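Chains, contacts and geometry: an overview
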Amino acid sequence: MKNIILFASGGGSNAQRIMEYFGQKDGYSVKALFTNNPNAGAIAIADKHNVPSIIFTREELNDGTVLQKVRNYNPGIIVLAGFLWKFPADIIKQYPHKVINIHPALLPNYGGKGMYGMNVHRAVHENKDKESGITIHYVNEHYDEGNIIFQKAIAIEECLSPEEVALKVLSLEHEHFPEVIEKLLNTEA
């Protein structure tokens, strides 16, 4: 069994898509959802899919408590699906090339601290970019600077608002994120 651990802070649409995708496949299991937000919509989604949720504080994330809980699930991959806090070095070190993130832009553009969600889409729209997209990358000690695994662009010239950009980019996330996770799990040594 190839175990998947999810980290999310918000509504959980990517977490939901991942749980649905792997729920229909043999040999894979979403083992847990970790969240820093006790009000995250992702918790209700995890409950619906019978995936346990682990809620933690910033202190627990950084003092090794979360790492110990992650170990209990023996993850083949750790997926940041809308997780907004900086990820701790101890987990990255324990699971090299097994912690991935999705970013709603074509990195290296529009990355870094504070560049998430609508902040990214507003910046893209205000700059009148002709395309945006997604980047799936390994997580390292810096925001959005890990090695890129996958990118996909989409035309956004006709988008009249940051919200329209967000919808187009989210459709790419839902289409490609589970497939990239599956590919990574199947190519691990």
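Structure first, text after, so check above.
Let us look at the structure shown here. These numbers come from a predicted model, not from an experiment. (Residues numbered from 1 in each chain as written. Predicted model: local features only at pLDDT ≥ 70, side-chain atom pairs only at ≥ 80, totals over all residues. Heavy atoms only, no water.)

Some words on the overall build of the protein chain
Selection criterion: Runs of H or I in DSSP of at least four residues are treated as helices and runs of E of at least two as strands, each being numbered from the N terminus. Between the two quantities, the radius of gyration covers C-alpha atoms and the globule rule is 2.2 Å times the number of residues to the power 0.38. Buried residues are those whose accessible area, probed at 1.4 Å on protein chains only, stays under 20% of the maximum for their type, while exposed residues exceed 50% and partly exposed ones sit between those limits. In this description, accessible areas are obtained by the Shrake-Rupley approach with a 1.4 Å probe, and a residue is regarded as covered only by the protein chains that are shown. His is not counted, nor are the chain ends, whereas Lys and Arg count as positive and Asp and Glu as negative. Every charge is mapped to an atom, namely NZ of Lys, CZ of Arg, CG of Asp or CD of Glu.
What the protein chain contains, in helices and strands, is 7 helices and 7 strands. From first element to last, N terminus to C terminus, the protein chain shows the α and β order β-α-β-α-β-α-α-β-α-β-α-β-β-α. A compact globule built from 189 residues would reach a C-alpha radius of gyration of about 16 Å, and the protein chain, at 16 Å, matches this within 12%. The dimensions of the protein chain, computed from C-alpha atoms along their principal axes, are 45 × 35 × 35 Å. Expressed as a percentage of the 189 residues in the protein chain, the buried residues total 48%. Summed over all atoms, the accessible surface of the protein chain reaches about 9,400 Å², with 48% contributed by carbon and sulfur. The average position of the 18 basic charges and that of the 22 acidic charges among the side chains of the protein chain differ by 4 Å.

Comments concerning the packing of helix α1 (residues 13–23) against helix α7 (residues 162–187)
Rules: Fitted lines through C-alpha atoms give the axes, limited to the stretch in contact for helices. The angle between two N-to-C directions lies from 0 to 180 degrees. In these notes the angle categories are as follows: under 35 degrees is roughly parallel, over 145 is roughly antiparallel, 65 to 115 is roughly perpendicular, and the rest is oblique. A clockwise turn of the near helix away from the far one marks a right-handed crossing, whereas an anticlockwise turn of less than a right angle marks a left-handed crossing. For this analysis, residues touch if any pair of their heavy atoms sits within 4.5 Å. The classification used treats Ala, Val, Leu, Ile, Met, Phe, Trp, Tyr, Cys and Pro as nonpolar, Asp, Glu, Lys and Arg as charged, and all other residues, Gly among them, as polar.
Taken N-terminus to C-terminus, the directions of α1 and α7 make an angle of 45 degrees; their axes are 9 Å apart at the nearest point. When the interaxial angle is binned, α1 and α7 end up oblique. Here α1 runs over α7; the crossing is right-handed. Residues S13, N14, R17, I18, Y21 and F22 of α1 touch α7, and the partners they reach there are L170, E173, H174, F177, P178, E179, I181 and E182. Grouping the amino acids of the contact of α1 with α7 by side-chain chemistry returns 7 nonpolar, 3 polar and 4 charged.

A word on the nonpolar core
Applied cut-off: For our purposes a nonpolar core is just a set of buried Ala, Val, Leu, Ile, Met, Phe, Trp, Tyr and Cys residues, chained together by side-chain atoms within 4.5 Å.
I4, L6, I18, V79, I100, F177 and I181 are the most contacted members of the largest nonpolar core, which has 41 residues in total. The dominant element in this core, judged by the number of residues it contributes, is α7, at 8 residues. In contact with I100, not counting residues within four places along its chain, are I77, I78, V79, L80, I136, H137, Y138, V139, I149, F177, I181 and L184. Counting 20 residues, the second-largest nonpolar core is a separate cluster that includes F56, V66, F83 and Y95.

Re the pattern of salt bridges
Inclusion rule: Put simply, a salt bridge is a Lys or Arg side-chain nitrogen that is within 4 Å of an Asp or Glu carboxyl oxygen.
Taken as a whole, this structure holds 2 salt bridges when the rule is applied. Linking K25 and E182 is a salt bridge whose minimum nitrogen-to-oxygen distance equals 3.4 Å. Remark: E182 occurs in helix α7 and K25 occurs in the loop between α1 and β2 (28–35); sequence separation between them is 157 residues. Here K168 and E158 are joined by a salt bridge, their closest N and O atoms 2.4 Å apart.

Re the sheet that holds strand β1 (residues 2–8)
Strand pairs in the sheet, formed through backbone hydrogen bonds, run parallel or antiparallel to each other. Heads up, the condition is: Following DSSP output, two strands are said to pair if at least two bridges run between them.
Pairing in this open sheet of 7 strands is mixed, and the strands run β3-β2-β1-β4-β5-β6-β7 from one edge to the other. Of all the strands in the sheet, just β3 (53–55) and β7 (148–155) have a single pairing partner and so form its edges. Each strand axis lies, on average, 20 degrees off the axis of its neighbour in the sheet, ignoring direction. As paired strands, strand β5 (residues 99–103) and strand β6 (residues 131–138) are joined by 4 bridges and run antiparallel to one another.

Observations concerning the packing of aromatic side chains
Short version of the rule: For this analysis, a ring pair means two rings from Phe, Tyr or Trp (six-membered ring only for Trp) whose centres lie within 6.5 Å, classed as stacked if their planes differ by under 30 degrees, edge-to-face if by over 60, and tilted for the remaining angles.
Applying the stated criterion to the full structure yields 12 aromatic pairs. Arranged with centres 4.9 Å apart and planes meeting at 15 degrees, the rings of F7 and F34 form a pair that is stacked. Of this pair, F7 sits in strand β1 while F34 sits in strand β2; the two residues are 27 residues apart in sequence, bridging distant segments of the chain. Among the residues examined, F7 registers a relative accessible area of 0% and is labelled buried. Centre to centre, the rings of F56 and F83 are 6.1 Å apart; their planes meet at 50 degrees, and the pair counts as tilted. Pair noted here: F56 is in the loop between β3 and α3 (58–62) and F83 is in the loop between β4 (77–80) and α5 (89–94), with a separation of 27 residues, a long-range link. Grouping residues by exposure puts F56 and F83 together as buried. Site record: aromatic cluster; members linked through ring pairs are F7, F34, F56, Y73, F83, W85 and F87.

Overview of α1
The following threshold applies: Think of the arc as the fan of directions from the helix axis to the C-beta atoms.
Those residues of α1 not exposed but buried are N14, A15, I18, M19, Y21 and F22. Viewed along the axis of α1, the buried residues span an arc of 165 degrees, placing them on a single side of the element. Next to the buried residues of α1 lie β1, β2, α2 (41–48), β4, β5 and α7.

By themselves, these figures tell us nothing about what the structure is for.
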